[in-house]
Structures are given as C-alpha cells and as structure tokens.
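Listed below are the residues making up each chain.
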Amino acid sequence: MIQDSGMARHALWRLLGLIPTLFMLITVAFFLMRVAPGGPFDSEMLLPADIKANLSAKYDLDEPLLQQYFRYLSQIAVLDFGPSIQYKDWTVNELIGQGMPVSLTIGLAAMVLAFFMGTLLGISAALRQNTRVDYSLMGVAMLGISIPNFVIAPILILLLAVYAGWLPAGGWDWSIASMVLPVVTLALPVTAYIARLTRGSMIEVMHSNFIRSARAKGLPESVVIRRHALRPALLPVISFLGPATAGMISGSVIIERIFSIPGLGSYFVQGALNRDYTLVMGVVIFYGVLIILLNFLVDLIYAWLNPKVRYDERS
Amino acid sequence: MQNWSKKSGMVDPVNLLRQFVLPASLVLLVGACGDDYQEKLAARGRHAQPVELILNEEGRPVPSVIAEQQELHRDNGQEPQTLDPHLAEGLPAARILRDLFEGLTAESPEGRIIPGAAFRWNISRDGKTYTFYLRRDAYWSNGDPVTAEDFVYGLRRSADPATASKYAQVLLPIENAPEVLAGDLPPSELGVTAMDEFTLQISMRDPTPYFLALLSHSSTYPVHKASVLEHGSAFSRPGNLVSNGAYVLSEWAIRSRIELIKNKNYWDADNVILEKVYYYPFEDQSTALKRFRAGKLHWTSGVPNNQFKWLQKHYPDELVISPWLGSYYFGFNLEREPFIENLGLRMALVLALDRDLLTEKVTQFGELPSYTLVPPGIRDYVSPVPEWAEWTQAEREKEARRLYAMAGYSEENPLEFEIRYSAGANNKKMALAASSLWKQVLGVRASLLNEENKVFLQNREQKILTQVFQAGWISDYADPYSFLNLFRSGHGRNDYGYSNSLYDALLDEVAAERIPSIRRRLMLETERLLLADVPFIPLYTYVTKRMVNPRLKGWQSNVMDHHYSKHMFFLKAALDEPPTVVEEIEVTETGGENIRSSESIQEMAVPGEEEGVILKEGDTEAALPGGDAETVAPGQEQDLDLPLEEKAPDVANEDMLPDTVTEGGASPEDSLK
C-alpha cells in the first residue's frame, strides 16, 4: 500500500515536471525557427513586395516577433496549431491528424518487433556465449547497427518487391503487405541494438550470485531464466526504449520517404526546408510530447521492474 | 520559374547496389546464372507494346484500338500545396489543376495555345483590349453554366490582396492590376468586365504578346463563386470542389494519392477518354521507378539520377527525355571583387568551360550545352549565338588564357574566389566540375561553398558574400522577355548587380512593342547586349526526363512540359505478355532498340530540331510496323511555340528534398539524432 502511494506520488511529480520541459521546447523551437535565414515566401520565383506583404499579413508574420510568440502560445493552449503555410488547404491539426495514425502504427509495430526479436536473439546468444551461434548472431547484429536503413531499405525493396514481387515497392494502403517492409526496415537497427544490449546484461546476470543460488536450489535452467534472470536482464533494455523511440522517429523520416508513406516524418524535413513555421512547430510539439510521455512511461516500467528504484523512492 | 539542377546526380543507393553489390551477391546466390539472370530480371519489368493506332477523321483514336481500362496512374513527385487555383504554386499543383479547371485558353498536346472555355477571341488593334466569347455549352461539374461573371469573379479573387496569391503577378499586365495588388484600388477596379453572360473583356496596360498563354495559367482560372462563398478556404476539398475542367476531384488522401474522375458535364466530355486519373506524390524517384517497373505507375515525374545508361538500355521504349524551357547558369556578383568592371576576366571564365564535357559527363541526361540566356524552343525566337560558340574548345581556352593573363593573373598570382551553390547534388557536381576545369585551363583556385537553399537565396540577394553562384530559370511562359527581364536593374531576382541603362531601355521598348517582328528584333538586340556584358556563365538547357508506359498515347513532349490528361488514352496491348522463352528474345531486342534511341537522343540535342518525343520513334518502329500515325509524330515539323507557365517554386521543393535525402542519405537523419 505504502509502496503504491509512493509510486503514485513519484508518477505525479514526474508528470508535473513535464510542463516546464515542454514549455522550453516550444520556446526554443519557435525562436530557432525564426532565426533561420529566409522565410516561407522566399523562393527562386520573384515575389513583388506588395504580394509578399499580403502573404505576411495573412499569416500574421508582419507582427513583432514577441507578439507572434504570445499569440502562438495562446493558440496552442487550446490545441490549435494554425494553418499550414505550405499545405494551404489544410490546418496543421488536420495534417497531423492524418499522418499520426500512420506514423504511430509503423512506429509501434517496429518497436514491438524490435523488442521481442531483439530480446529473443540477445538471450539466445547469451545462453550460448562464445559459441558459433553467439558469434554469428552478434555479427549480424553488428551489421544491423552499422548499415543505415536507407541502404537496407532499397536492398529489401529490390529483392522482395521488384525481383520477387511479393510486396509492394512503396505506397500505403493500410494493408499488412504495405507495412511489412517499412516496419522491418525501421525495426532492424533497433532490434540489433537491443539484441546486443540483452546479451550483455543477460551474461552479467547469469554470473551473479542469486542465479548461482537458484541453480544450487536445484531449479531447472528454464525456470532459472524465466523467473530469476529475465527481469533484471531486461532493465537496461527498458531504459533504452526511450532513446530508441527518438531514434525511430528520426529513422522514420527516411523510411517514410523511401517507401512513400504519408506519415509525419517528412513534415519535419520538408517543413523546415520550406520554413513552414506552423507545420514544423506542430510536429515538433507533437513528437516532443510523445517522447516525453514515453520516457515517463519507461520510468514507470523501470520502477516497477526494479525494486531498487522503488525502495529509494520510499526512503 | 526557377532553378536548381534537376535531381541529377544524387547518389542512389539502389543504383550502387545494382552495379556492385547485387551482381556480386547474385553470382554467389545464383551461381552459374550470373549476368543472364540479371538481364532476365530487368526484362521482367518491360511493358506490353501497344497495338497500332488508328485515327478517325476527327483525329481521335477509333474505339477498336482503345484499351478497355482507361485509368491513368501518374507520379506527381510531391504533394500539391493546394488545389485552390489562385493560391497554387509549384509543378505538382499545376499539373492537377490543368486537369480540374479550364482557363479561357488551353493547350494542345504539343503545347500550342488553343481555345479553352472561350471558343474565340478578338484582340484590338493596339493590342490592349481582349474580347473573349465563351462557350455556351460549358458547364461546371455541378451543372451550372460557366459564365463571363465566373471569370470576372475568379480574376478579381486572384488579384485581391486578401487572397494573398503568389502568382497574382501573372495578372500584372491587366489594367489596374498593380494598384489592386497593392491594395490601393478595390478588386472591382481590375480591368476585367463581363459584357454579357458569355462575353468577357480584358483591358491591358501594355500589349502583352504572351497574354493568351498566361490565360491557361491556374491563377487566371475561374472559380465557382457559390461554393467558394459557402465553403471558404475548404472549397478545394473533395466533395466541395466544383470545377469546370475535364475532371473532378473525387478523393484526396494527403500525401498518398489524389483521385480525379471524368467530369460528365465538361463540354468536350465525349472526347475525354481517360475515366480516372490518380496522382501520387512519390518524393523518392527510386520508389516511383520501382512502382513503374512493377506496372503500378504509367507516368513518372522524373527518373533517378545516375541511371540514365541503365534505363536507356533496359527501358528504351519508356524513357522519355526532352528539352525544357529553362536555362542553368552561374552568375557573377558584379558588385564585388574580383568581378567588378572586369569584363575580360569574366569572359575568360566563360570561355574556359567545356560545355560539351559538362553535359556529357556531369549532367548526363542529354542536357543541351548552352551559350546564351534564352533556351531554344520558343517560337519565332532563336538566341543570338556569340561568336566564341563557333570556336573549338581549344581556341576558346587559348583566348581564355590570354584574357586571364591580361587581367593580371598568372600561375604565381592565381585568381581565387568562391562558387556558392544550394543543396542538390547536381549543383555540387557542376560546381566541382567547373572549378576543376578552371584550375586545369587557367590555374584558377575556385573553392566550393554549399548552402541550404533559403540561406543561399538570401545571400544571393544581398550580394555581399557571393562571387560566383549557381542560378537558373525555368519560365512560366514561352517568351524571351521572361528571361531577359531577370537582368533589369533593380529586378528582385537580379542577384548579379547587373545594371545597364541601355539594357533597361531596350527592355522597356520590348514591353511596349506590339508588332512581333520588331519586338523580336528588339529582344535579339537585348540578349546580344547582355551576352556581351557577361554578367553570367551560360552552361546548359534543362531537360525533362520521365518514364511513360508505351501504351499511353495522345501526349507529346513539349518545352513547357504541360501534359493534360484529357488528351491522353491507353491503346490495347498488342499481345499478352509472352512466356519466358520469348522474354529472352526480348532481351536481345533491347540491345537493338537501344542503339536507335540513343541516336535519336542525339538528334534531339540539336537545337532547332527540338522534338519531343524522340525516344518514342525507335520504339514504335520496332514494335509496330507502320509506326504511329498521330500522337507522337516525331520528325515532323512542329511548332514549339508553346505557351506558358510553369512554375517552379516547387521544383525547388521537389528537388531539394530528394537531393537532401538521397544525396547525403545520412544527413537529414543525422541532424535529427
């Protein structure tokens, strides 16, 4: 009971801490975006001064910057991200609303895949430490980490889509077939990383005293692993999930482009290059909130898995 | 209008893969099959050949040769920024809007201006009053008649400062347009009047010979007043959008696809054959190519760089390359050392570059070497070719060295400057190649400086940091004035600091002149003056490059690169995809056709013989005896007058992105990490 309320307080406290973080994020992103040279209406095409003035007025870019900043804050307080400067027919809310389900589906599927495949491979390798299985698995994992996914993706497309014809070469229609390649490509590097991580911590755990005690008690090896070794061995993996999410989001920028997927990733790059202030801000805030919340969740899981954190909290 | 090097030259992983990794791995995997195997794989992507085209007396294809399925899948390169014709900018939006709406004028497949919503017009003797007579059988997609009032509403809305249209400048030749745009006069004062329900009069400030071409530009399209008033800014969404073109918008999944279906109320609906048109925003050209090879796309917006040879070999029937109305060049900053008042030095740099080498080895896609500002392909205008263009490269280099030495530079005291260019691998390759040629020929030390696009544009405009910089222009309308005007003193895009009062005076005369022959002579003189002053280094003429399904007909290459879906149709396949044995034969055939098509590319490269369809020729010959009667008519004399517009803001985007991502593959990702 005491322990639970400690957890709850811990959670609440962390949640409150998110607000200033988010505020900082918004402020820094807003001003950084404006510091960048050029504006949304600069292009190779000549724009007469009158027309440029009309455009600036339409998006309130003719006001002093501070006034724009406060206007923006009051807007996003009611979750209104404004109109996109680049995609004129849509508001940023609509764009994010359409892209989010796609990005989340891919991200989540890749994450789940990476987590299960990674831990599975890592454990298999650890249990056969220094055997041929271990070396080949880790060799493959090293490759997975070092080959960037913009190389893996075209290889997979060429083999599985163009030559074999089993999967579509790109595009998105919510079918499983159209998800396979992007999800696998996105998951590969993370899978590899998790596999190495799991292997390392598993080996360490398997050499610790409490495992020796468990074995001494005469427990079968499978029980030792499932009941005793698994949980502590997964701790570093759990704490890696936060950064892994961030990695996946940046990875998705490339993946979405190569597979032509209508997710949020390319809004980042495209929005920034076009100085589409509202779109970039919207996506930054959305991903900011997502990463912050996921890190928060990871903390909670970590605390739940690791008694040490809970005890520290209580004392 | 715009710039950039089209996406040539990015490092394409797939290509690399194909060239190095795959052959190796296939040898490993497949063992003995080796090269054969790869050939066969490539052959699998080939498309069925069409039956012979037969036309009826009206020049339309007879029903017996037309395929049952008339659905076109077009790659659009990018998501359109909007489908509001008055806010539209960029190629992706322009392509779709040409299908959805119809201006007073339209364009034929070969790019000639033809009647659109107006079936005829009168131009007053002084060239300043245009009277348009609208079709009485033209209807909006909801059944309302298209009236002169709709055009008045559309043009006023386009010029209204509240609309904030970037392309409203297209309207500037119209009376009172500058004042309306500046907000000094209400939009109702624009020189556009509905004389009666079907007669429209437009008053001009200057006679503008290219005005008819401007009237097929999206910023002059009519919009349906009632639905604009009802839906406001959401009027361009599926379900809300009422249009007067050959197609209506039926579905828009953002950044997935846009679906158009035939407009049953279109006045010429009987002659519209394609029932559905899908536009896909494939930003990655490799993806588009793969979809094309899988038969899921019929038309791509470009092709991956560095794959010219491979495509030419394996897809000679599908690869279409043709000159575009755009010039790529380097600019000098004439307000900064060492190029102020240093004509000889500038000329030395111009002469030292071997343009044949640059287009053959660097851009590689059949770009045309350029010695002038205005690209070929404009009707009734051939740029004044400077004398040195006739020299051999050795002669040019000799003269370059002489001028270089005269300017006071030598091996011990070499000229040093920076070449500034924006993201885009082609820009980088050009800058690299130019600097090494300069080093080789003159001993110049030119360093390279790559900048993000908007930063680059700003630096160019400020004229403080730049010395030599990458530049280019793709015109919205086929008139030399569009190019020449860039060098007017004080012009917003005059990043060269070029200022010559004689030149400005000549431009004013051109603008006011309405007699074509005099106007042409004035423009020739203007360009000659510009070339003599050497404020820029001409390099090459852009080309468009794409993959097209061989069964798709009814279109022609044109320098504007405007292709209306309403002209297009699919022919039946000549025979079903042959079994495997035949496939091998096809592979051999490929070699033969390949030679033919490369010849035709060279032919095309001769200016004056500009011809679109090039590649199609060899193909038809090979595939069907008799050749194709109509659609493509290559080799025939063709007027490349071509009309108007194309913009390019978006080419910018279109280019920039692919380049950024593909070129550095790693860079965007890294920056986010």
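The structure displayed is predicted, hence computed values, not measured ones.

Draft legend 1. Quick look at the overall build of chain B. In terms of helices and strands, chain B carries 21 helices and 18 strands. When burial is assessed residue by residue, chain B has 55% of its 673 residues classed as buried. Contacts in chain B between residues at least 24 apart in sequence constitute 72% of all its contacts with a sequence separation of at least 6.

Draft legend 2. Spatial organisation of the overall build of chain A. Scanning chain A for helices and strands turns up 12 helices and zero strands. The N-to-C order of helical and strand elements in chain A reads α-α-α-α-α-α-α-α-α-α-α-α. Principal-axis analysis of the C-alpha atoms places the extent of chain A at approximately 85 × 60 × 30 Å. Across the 315 residues of chain A, 39% fall into the buried class. Long-range contacts, defined as pairs at least 24 residues apart, comprise 75% of the intrachain contacts of chain A with a sequence gap of at least 6.

Draft legend 3. Main features of the environment of leucine 325 of chain B. All names here are of chain B. Position of leucine 325 relative to the elements: it lies in strand β11 (residues 319-332). Residue leucine 325 is classed as buried on the basis of its C-beta count, with 32 C-beta atoms lying within 10 Å. Once the C-alpha coordinates of leucine 325 and lysine 545 are considered, the two residues, 220 residues apart in sequence, prove to be 13 Å apart. Not counting chain neighbours up to four residues away, the residues in contact with leucine 325 comprise Pro375, Gly377, Ile474, Ser475, Ala478, Val559 and Met560.

Draft legend 4. Structural detail: the nonpolar core. Residues Leu97, Leu134, Phe330, Ala348 and Ala352 of chain B are the most contacted members of the largest nonpolar core, which totals 158 residues. By residue number, the principal contributor to this core is β11 of chain B, which donates nine residues. Every residue in contact with phenylalanine 330 of chain B, bar those within four places of it in the chain, is listed here: Ala434, Val468, Phe469, Gln470, Ala471, Phe536, Ile537 and Leu539 of chain B. Counting residues in each nonpolar core, the second largest holds 74 residues, with Ile96, Ala187, Val253 and Val280 of chain A among its members.

Draft legend 5. Fine view of the sheet that holds strand β7 (residues 199-203) of chain B. Residue and element names in this part refer to chain B. Taken in spatial order, the four strands line up as β4-β5-β7-β6 in an open sheet, and their pairing is antiparallel. Edge positions in the sheet fall to β4 (118-123) and β6 (192-196), since each of these pairs with one other strand and no more. Averaged over all neighbouring strand pairs, the angle between strand axes comes to 25°, with direction disregarded. In the packing of helix α4 (residues 148-159) onto the sheet, the strands contacted are β5 (129-134), β6 and β7, and the crossing angle to β6 comes to about 170°.

Draft legend 6. Layout of the pairing of strand β8 (residues 247-253) of chain B. Where β8 of chain B meets strand β9 (residues 257-262) of chain B, six bridges bridge the pair, whose relative direction is antiparallel. Looking across to β9 of chain B, one finds that tyrosine 247 of chain B is bridged to lysine 262 of chain B.

Draft legend 7. Up close: the sheet that holds β9 of chain B. Residue and element names in this part refer to chain B. Pairing in this open sheet of four strands is mixed, and the strands run β1-β10-β9-β8 from one edge to the other. Single-partner strands in this sheet number two, and they are β1 (71-75) and β8. Taking the axes of each pair of neighbouring strands and ignoring which way they run, one obtains an average angle of 20° across the sheet.

Draft legend 8. Spotlight on helix α14 (residues 453-462) of chain B. Within α14 of chain B the residues assigned to the buried category are Asn453, Lys454, Phe456, Leu457, Asn459 and Arg460 of chain B. Positive phi shows up at lysine 463 of chain B, right after α14 of chain B, with a value of about 60°.

Draft legend 9. A look at the confidence of the model for chain B. Residues and elements named next belong to chain B. Counting all residues, the mean pLDDT for chain B is 80, and 78% of those residues have values of 70 or more. Low pLDDT, under 50, characterises residues 1-43; the stretch is placed with 95 contacts to residues that sit more than four places away or in other chains. Segment residues 577-673: pLDDT under 50, and 229 contacts once partners within four positions in sequence are set aside and those in other chains are kept. Scoring of the predicted complex yields 0.79 for pTM and 0.81 for ipTM.

Draft legend 10. Highlighting the packing of helix α6 (residues 149-163) of chain A against helix α7 (residues 176-206) of chain A. All names here are of chain A. As a packed pair, α6 and α7 sit with axes 10 Å apart at the nearest point and diverge in direction by 145°. Pair α6 / α7 crosses with right-handed handedness. Between α6 and α7, the contacting residues are Asn149, Ile152, Ala153, Leu156, Ile157 and Leu160 on the first element and Leu181, Thr185, Leu186, Leu188 and Pro189 on the second. A per-class count over the contact of α6 with α7 returns nine nonpolar, two polar and no charged.

Draft legend 11. Up close: helix α10 (residues 343-352) of chain B. For α10 of chain B, the tally of buried residues reaches eight of 10 residues, placing the bulk of the element in the interior. Every buried residue of α10 of chain B is listed here: Leu345, Arg346, Met347, Ala348, Leu349, Val350, Leu351 and Ala352 of chain B.

Draft legend 12. Region of the structure containing unusual backbone geometry. All names here are of chain B. The omega torsion across glutamate 337 and proline 338 is 5°, close enough to zero to call that bond cis. For proline 338, the location among the structural elements is in the loop between β11 and α10. A positive phi angle, near 55°, is found at alanine 164, a position not held by glycine. Looking at the secondary structure, you find alanine 164 in the loop between α4 and α5 (177-181). At valine 534, a position not held by glycine, the phi torsion is positive, near 50°. Within the secondary structure, valine 534 sits in the loop between α17 (516-533) and β16 (536-547). Valine 534 sits in the buried class, given 23 other C-beta atoms within 10 Å.

Reading the values: the criteria
- Residues numbered from 1 in each chain as written.
- Chains lettered and ligands numbered in written order.
- Predicted model: local features only at pLDDT ≥ 70, side-chain atom pairs only at ≥ 80, totals over all residues.
- Helix = DSSP H or I, 4+ residues; strand = E, 2+ residues; numbered from the N terminus.
- Buried ≥ 20, exposed ≤ 12 C-beta atoms within 10 Å, placed from the backbone.
- Contact = placed C-beta atoms within 7 Å.
- Core = buried A, V, L, I, M, F, W, Y, C linked by C-beta atoms within 7 Å.
- Pairing = 2+ DSSP bridges.
- Axes fitted to C-alpha atoms, helices over the stretch in contact; angles between N-to-C directions.
- pLDDT = per-residue confidence, 0-100.
- Left-handed = near helix turned anticlockwise from the far one by under 90°.
- Nonpolar A, V, L, I, M, F, W, Y, C, P; charged D, E, K, R; others polar.

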